[in-house]
Amino acid sequence: MFLKLHGKEKIERTFLNFMIVSNFVCGCVIALSNDKFLEELEIQPLPSGHVYTYMQFTTVWDVDKRPGSCLLAQIPGKLSSLYLCTYGLPLQRSLGHIRAFSCSTLQVFPLSLGEILGHHSVQELPYISAPPGAELWTWFKEETPDISKAWSDLTNALSGQFCASLNFIDPTNTISPRFSFLPQGVASQSYAKNYSLLRYSALPREAVCTENLTPWKKLLPCNSKAGLSMLLNAIQVFSATYVSLAVDVRPICRDNDCKEASLELRLSISIVFEPPVSHKGKQDWSLVKLFGSGILKACPLATRSTILVHTTSNQTLGKFLLSPEPSQVVTSSHAQDKKTYAMYDVKKILQSAEQLNIVASYQKSHVYWITSPPILSATRFITGYGMEQGGIKTQLYNNHPSKSMKIVYLEIIPWFLRVYLHTLQLKTSGKALKPQVVHFQPGRDRTHPYHFEIIATLPPASVTELSFQFDRAFLKWTEYPPDANHGFYISSAVISTLLNSAKNCSRIPLHKSTILESLIDRSVTYFIRLHTEMLLVSLPTPDFSMPYNVICLACTVVALAFGPIHNITTKRLQLVEKDKNQGLFTKIKKLFWRKSYVESDKEETKKNK
Amino acid sequence: MGLLTDTKEHSKLIILFKQHGNKLCFLSYVVGIVWFCLLAWEPYNNRTYFSENALLPGLVQREFSPGHETSRFFQSLKEEAGSHARIPYAWLGAQFRQMGLDVYDHNYTLHYPFGSKPNFTGKNLYAILRAPRAASTEAILLSVPYRTPENQHGSTLPGIALMLSLAKFFRRQLYWAKDIIFLVTEHELVGFQAWLDAYHNSKTAPGVLDSGELEGRSGAIQAAINLEIHSDKISHFDVKIEGQNGQLPNLDLFNLVVELSTRESVPSTFHQKSNPVESESWKGWKQAFSTLMSMVALQATGLPTGGHGLFHRYAIQALTIKGESNGPGGIRASFVHMGRVIEGVFRSLNNLLERFHQSFFFYLLPSTRRYVSIGLYMPAFGLIAAPLLIKALNLYLSLQSSKDLDKKATPGMENKDEDAREETFPSLWQALPLVFSSHILGCLVYLSPEYFDRIGMLADFQLEDGIFMGMAALLLAVLVVPLFSRRLKRCGGSHGIYRCIVLLELGAFFYTLSLINVSLATFLAVVYVPVAVLAGTSSRRIFTWVHSLLLLLIHPLMLVYLVLLVNSAYLDTSTKMVDHMFRAYTGVKKVVLYSVEDWYIYSNWNFVIASGVLLPVWLQLWFLPTL
């Protein structure tokens, strides 16, 4: 493999690993020049008492436009392989009850190239929406010969790279969604419609832990030795209420003309802390309290290193004092929503100070409020009880008082829950709601999952219920996991929509790379993606224990004994009269030449007569 | 023609069986009862143990130390309760919300199906503690039914205060892997049923209980602990396990509560009896036997002994911990001790990796530390009910031989071919008309309550009178049918066939029932087996009369009456017998109404079992002498 990297040596080394992975699928050479590395941290104290921190490390390479070299060079006509890999600890519930976060688990994705250029994007908090467990989706380039193989190669490579069990992604949990996932970054209309190039999979059982964080940190140019990444102390990170790691790769426009593309790698981590629980009811936080240490050194490789503290709520809700004073106060306004941020330039501050520790001290103890619901929210749960049948119901809340909302709902159900399409119902306050599109792909035992996508318009200020029924299948006894009685997970449903208001939401626009850029964005609509809860379903499980074996054995014995006993009790044995004077010879003869014997027998009887 | 169907080749064994069948029946019945009684004796049962290793009750460190907080909660709650007619929702909700929990209300409506069909509304309050770093896929539940001090069952306010205090403590802990739901219900069982229905989005009683909608949910509930703590200082915990239709929670959960309360030095009892010093003595047996029998008696009613009883249907293991202050040992525990026991239980449950599946779901308890597993009690029950099958087989065989004898008596029949013999083979189908008609009658009784209630309303009867009188009238009318016995005889078929079928049906019913509710099955078997086996054994008039009297005594309604009478006389020895009889009579009326109600609201099977199986079988027995 020929790898030519210009620019900073450090980046070259640390990114080597990842580029190998990239090349695995690209199968081509990437040449880099003029790259930049930006690190940003946003801290947002929430009215629910939580403190949300989002750290993003963005690297942009300008890739050489060399014919036949890399897919990225052929933008915008043909599109490249892109990967996105989001690991998340179950955000849904943890953030689901942080109401002001409202659009709790939402994520940016472009709908198509045209829409990107038309500045369609959403700014939303949290920046990255993640389902519980791991989620991976990829658009492959058009010339990929065998997408299934490329997909399996990719999952295995990423699995090794991030020490995650992504290698458990196989055809039984992979789908190609039609409407929910469109190419990220620049892509042509025709490319975006070819959903056969898309692979999506979610592993609800995968949990994020230190073994995932360490390789993730190693992708950073300064590792965790300098810069914002110094804050990523595993003990602090994993004792937080919520953690989610994400890696996104996408091609972006190099400049406004969008004649050339650059490759963008975005590493992001969302952590939610809950200071009132550990700090005697006060929401006080500081970098040291949250992360265990301040920032001692700036990363020399970083083009920019910024910390933003969301101070919009400082006037209304619990007031806090920030120290040191911010380098600058930034204001962003989307339509009516005004947001203010205290900005810290880490590099600048560390030139004069030894350590950077931002402290927010509150005057009063935290008061828990009844927080208002987000514009769009959803809950999903299992209905019914017992082991034979069951159902899933999703309640979709459109809390906008006057505007209806068009959504795309995606559901993947493992094959062992046999979904009945005829039971699929969509109801709004008791009345049936007619969906615009229903795409249903039936599952197949041990081959692929059930998957459906629904496009529907939710009326304003309404609760829409989507429900369907399933049967629980019997697994083969070797198919049960060691903890069979724990239950089986169903991954989150994915809801995508376009919002008109970015109230209570933060989001990096699709055509922007960094948080700071997003503050000056003037988008009108915002794309959001929402993940529902994952579910735990019990399947009929045999008792894998000694009594079970005994029962099996006893049943076998009974089954074997039944025939003879039934025969003895209901049939009578009758003696068949034998020929009396048969010699040994005739017996043998009878055995071998039955017919001739019979004939001879007849002759004998005739003679006797 | 096989062993059973051909009398010619009956082995000696079968002949012996036929000769000594009656003795065998008697022996099996008596041995069964003795065996069942012996189950309480130590050598015949086992010590309890933890089957689910993940619970790790020994490793759970209990740190709950609320200081005076719980008492403060209790005081304010008492004041709030005094000034509110219903649950002080605002106050309770605010308490939970201040801890940072998600608080929700749950409204439900009960459309009472009888009488003037009044509507009752209720409102539960629940709060969910979301476990950090977990996906809300699993939950544990702590519930308290709301009862003010004026309530006849005793106040549960101390329990709610303890729940608040625990919630505050739990909220500060980082180790939770499962969500914790705190539930305060209104209107006792109806509240529980409505909440469970709403949580699972199921309809147990369509048209009767409108369970409403829940705004917030957690995941699958793994276990539930229901608290009924009547005082801030208690002498002991009484653990109640019997659920609806005789369902029991996993034995591990029971063991867990007993173990942890022992570790906190809070005495735990089962049916108000603590664990006797293990001994094989007569005295030890007597205490264990009385505990066992009180469990059997309660389980046999098929009624839940607390809010926990309704959880079992949803495969949620649940039990009630009742804190009482009138125990013999004096006051032994305060809020801290109680809280620590519950903390321990919840931490253990939090350790669970899989839902409860080990240990036993079918068991009887002679004390808190010993159990009788299904493998031990089933043979005893099997022997008690075995006479039904023995007698049925015996009857069937003798039916066969009598036909054969007939044939032999007529000359020239020996050489008849097989087909002819098949024809004379007794067909059990001949009993079909009787079985069918008696079951139709059972169905009528099952469907009747609504109509009788309507008639009762027209006649201006009381609620319980309407249904009871109607049913009694219907059943009395049926009792008279044998007077027109000549008509019945036209149904054809032999007497033996009817008896055989009745015994078989009763046997099948008892053995099936024993798998669901062994206590009820054993009780019914002990009462029904002798009468059923003796039915029609002699045609002497005096015998028939005595037998009919016995039969009347075991008529389902009469049986309820007798049980109530015995119970009343046992509990209160000072009153006169006449009073007891009258009390039992009013009791029967209520029992009939309640069992119908329970069927409509909670899907309790008692009414269905009585009307659908027991009554038809009884009717068949009643008609026997006339056939």
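Fair warning: this is a prediction, and the values are worked out from it, not measured in the lab.

Basis of the calculations
Residues numbered from 1 in each chain as written. Chains lettered and ligands numbered in written order. Predicted model: local features only at pLDDT ≥ 70, side-chain atom pairs only at ≥ 80, totals over all residues. Heavy atoms only, no water. Phe/Tyr/Trp six-rings, centres within 6.5 Å; stacked < 30°, edge-to-face > 60°. Helix = DSSP H or I, 4+ residues; strand = E, 2+ residues; numbered from the N terminus. Buried < 20%, exposed > 50% of the residue type's maximum accessible area, 1.4 Å probe, protein only. Lys NZ or Arg CZ within 6 Å of the ring centre and 35° of its normal. Disulfide = S-S within 2.5 Å. UniProt positions renumbered as here; feature names shortened; annotations may be inferred. Core = buried A, V, L, I, M, F, W, Y, C linked by side-chain atoms within 4.5 Å. Domains from an automatic or database assignment. Contact = heavy atoms within 4.5 Å. pLDDT = per-residue confidence, 0-100. Expected span 1.5 Å × (residues − 1). Salt bridge = Lys/Arg side-chain N within 4 Å of Asp/Glu carboxyl O.

A. Up close: the packing of aromatic side chains. Counted according to the given criterion, the structure contains 42 aromatic pairs over all chains. For the pair F37(A) and F57(A), a centre-to-centre distance of 6.4 Å together with 5° between the ring planes defines the contact as stacked. Separated by 20 residues along the polypeptide, F37(A) in strand 2 (residues 31-45) and F57(A) in strand 3 (residues 51-63) bring together distant segments of the chain. When sorted by exposure, F37(A) lands in the same class as F57(A), which is buried. Judged by centre distance (5.6 Å) and plane angle (75°), the ring pair of F254(B) and F270(B) falls under edge-to-face. Here F270(B) lies in the loop between strand 9 (268-269) and helix 7 (282-301) and F254(B) lies in helix 6 (residues 251-263), a separation of 16 residues in the sequence. Each member of the pair F254(B) and F270(B) is classed as buried. An aromatic cluster of three or more residues is present, and its members are F64(B), F96(B), F169(B), F170(B), Y175(B), W176(B), F182(B) and F346(B). Between the NZ or CZ atom of K123(B) and the centre of the ring of Y89(B), over which it lies, the distance is 4.4 Å. Over the aromatic face of Y175(B) sits the side chain of R347(B), whose NZ or CZ is 3.9 Å from the ring centroid.

B. Representation of the state of the cysteines. Residue and element names in this part refer to chain A. This structure, assessed with the given rule, holds one disulfide over all chains. The side chain of C222 participates in a disulfide bridge whose partner is C299; the two sulfur atoms lie 1.7 Å from each other. On the S-S bond that ties C222 to C299, the torsion sits near 65°, and the link is right-handed. With C222 in the loop between helix 6 (210-218) and helix 7 (234-238) and C299 in the loop between helix 9 (287-291) and strand 11 (304-310), the pair connects residues that are 77 residues apart, well separated along the chain. The cysteine C552 is free of any disulfide, with C555 supplying the nearest cysteine sulfur at 6.7 Å.

C. Quick look at the UniProt feature "transmembrane region" (unreviewed entry) in chain B. Following the UniProt record, the feature "transmembrane region" (unreviewed entry) maps to residues 21-41, 376-397, 467-484, 549-571 and 605-624 of chain B here. Helix makes up 100% of residues 376-397 of chain B and strand 0%, whereas the separation of the span's terminal C-alpha atoms amounts to 32 Å.

D. Layout of the nonpolar core. All names here are of chain B. Counting 187 residues, the largest nonpolar core has F96 and L349 as its most contacted members. Taken domain by domain, this core gets at least three of its residues from each of domain 1 (2-38 + 377-626) and domain 2 (53-368). In this structure F96 touches L101, V103, L125, A127, M163, L164, A167 and F182, once residues within four positions along its chain are discounted.

E. Quick look at the confidence of the model for chain B. All names here are of chain B. In the predicted model, chain B carries a mean pLDDT of 87, and the fraction of residues at 70 or more is 92%. Taking the mean pLDDT of every element in chain B, the minimum, 46, falls on helix 10 (residues 418-424) and the maximum, 95, on strand 5 (residues 179-185). Per-residue pLDDT stays below 50 along residues 409-423; that stretch engages in eight contacts with residues further than four places along the chain or on separate chains. Two numbers describe this predicted complex: its pTM, 0.85, and its ipTM, 0.87.

F. Fine view of helix 5 (residues 188-200) of chain B. All names here are of chain B. Taking 1.5 Å per residue, 13 residues should reach 18 Å; helix 5 reaches 19 Å between its end C-alpha atoms and fits that length. The element helix 5 is extensively covered by neighbouring structure, given that eleven of its 13 residues are classed as buried. Buried within helix 5 are the following residues: V190, G191, F192, Q193, A194, W195, L196, D197, A198, Y199 and H200.

G. Representation of the pattern of salt bridges within the structure. All names here are of chain B. A complete count under the given rule lists 22 salt bridges over all chains for this structure. Residues E186 and R86 are paired through a salt bridge, measuring 2.8 Å at the closest nitrogen-oxygen approach. Of this pair, E186 sits in the loop between strand 5 and helix 5 while R86 sits in the loop between helix 2 (69-83) and helix 3 (89-98), and the two are 100 residues apart along the sequence. Salt-bridge contacts for E228 lead to K240; the nearest nitrogen and oxygen are separated by 3.5 Å. A residue pair is termed long-range when its members are at least 10 positions apart, and E228 in strand 7 (residues 220-229) and K240 in strand 8 (residues 236-240) qualify at twelve residues. For the residue pair E228 and K240, the accessibility class agrees, reading buried in each case.

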